[in-house]
Amino acid sequence: MEALQALIRKKDALEAEAESLTEQLSASNMGGISGPLVDREGFPRADVDVHATRLLRNRLACLNTDHRELMGQIEQSMHALHAAAATDGSICAKPLQLL
């Protein structure tokens, strides 16, 4: 159960960092999450910090991948926890605190 709680804390930290990156990308000098970084002629846009935007987008993509993997681990951990409770015929003495 402690392992599940640790996974949930890690998930919350990933989500907080992803939210922070999303806010940073929505600043006026950034290209947004998926906006174009080049103009119609193929040159980098002068109004966008292309390098910083690419770095933030890369980190956000890595976080999304890590989050997806972590959610799978949480799911497996929850299945194992419920299976153990079902075989014991009892409910955990201390309920899981998600908040």
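Before reading further, recall that the structure is shown in the block above.
Before going into details, it helps to say that this report is about the structure given with it.

## Concerning helix H1 (residues 2-25)
Working step 1: Taking 1.5 Å as the rise per residue, H1 with 24 residues should run 34 Å; its terminal C-alpha atoms sit 35 Å apart, in good agreement.
Working step 2: Of all the positions in H1, only Leu 4, Gln 5, Leu 7, Ile 8, Lys 11, Leu 14, Ala 18, Leu 21 and Leu 25 are classed as buried.
Working step 3: On its buried face, H1 sits against helix H2 (50-88).

## Re the nonpolar core
Working step 1: In this structure, Leu 21, Leu 56, Leu 60, Leu 63, Leu 70 and Ile 74 are the most contacted members of the largest nonpolar core, which totals 14 residues.
Working step 2: Looking at this core, the elements that each hand over two or more residues are H1 and H2.

## Section: the side chain of Lys 11
Working step 1: With respect to the helices and strands, the residue Lys 11 is situated in helix H1.
Working step 2: Here Asp 12 takes part through its side chain, which lies 3.3 Å from a polar atom of the side chain of Lys 11.

## Focus: the pattern of salt bridges
Working step 1: Counting across every chain of the model gives four salt bridges.
Working step 2: Taking the shortest distance from any N to any O, the salt bridge between Arg 45 and Asp 47 comes out at 3.0 Å.
Working step 3: With relative accessibility at 25%, the residue Arg 45 sits in the partly exposed group.
Working step 4: Each of Lys 11, Asp 12 and Glu 15 takes part in a single network of salt bridges with overlapping partners.

## A closer look at H2
Working step 1: In a regular helix each residue adds 1.5 Å, so 39 residues correspond to 57 Å; H2 covers 56 Å between its end C-alpha atoms and thus fits that length.
Working step 2: Buried residues along H2 sit in contact with H1.

## Focus on the packing of H1 against H2
Working step 1: Direction vectors running N to C along H1 and H2 enclose 155°, while the axes themselves pass 9 Å from each other. Judged on the interaxial angle alone, H2 and H1 are roughly antiparallel. The interaxial crossing formed by H1 with H2 has left-handed handedness.
Working step 2: Class assignment for the residues of the contact of H1 with H2 results in 15 nonpolar, six polar and seven charged.

## Structural notes on the environment of Ala 13
Working step 1: You can see Ala 13 is positioned in helix H1.
Working step 2: In sequence terms Ala 13 and His 67 are 54 residues apart; their C-alpha atoms lie 9.9 Å from each other.

The rules behind each value
Residues numbered from 1 in each chain as written. Predicted model: local features only at pLDDT ≥ 70, side-chain atom pairs only at ≥ 80, totals over all residues. Heavy atoms only, no water. Helix = DSSP H or I, 4+ residues; strand = E, 2+ residues; numbered from the N terminus. Expected span 1.5 Å × (residues − 1). Buried < 20%, exposed > 50% of the residue type's maximum accessible area, 1.4 Å probe, protein only. Contact = heavy atoms within 4.5 Å. Core = buried A, V, L, I, M, F, W, Y, C linked by side-chain atoms within 4.5 Å. Polar contact = N/O pair within 3.5 Å; in protein donor to acceptor, adjacent residues only side chain to side chain. Salt bridge = Lys/Arg side-chain N within 4 Å of Asp/Glu carboxyl O. Axes fitted to C-alpha atoms, helices over the stretch in contact; angles between N-to-C directions. Parallel < 35°, antiparallel > 145°, perpendicular 65-115°, else oblique. Left-handed = near helix turned anticlockwise from the far one by under 90°. Nonpolar A, V, L, I, M, F, W, Y, C, P; charged D, E, K, R; others polar.

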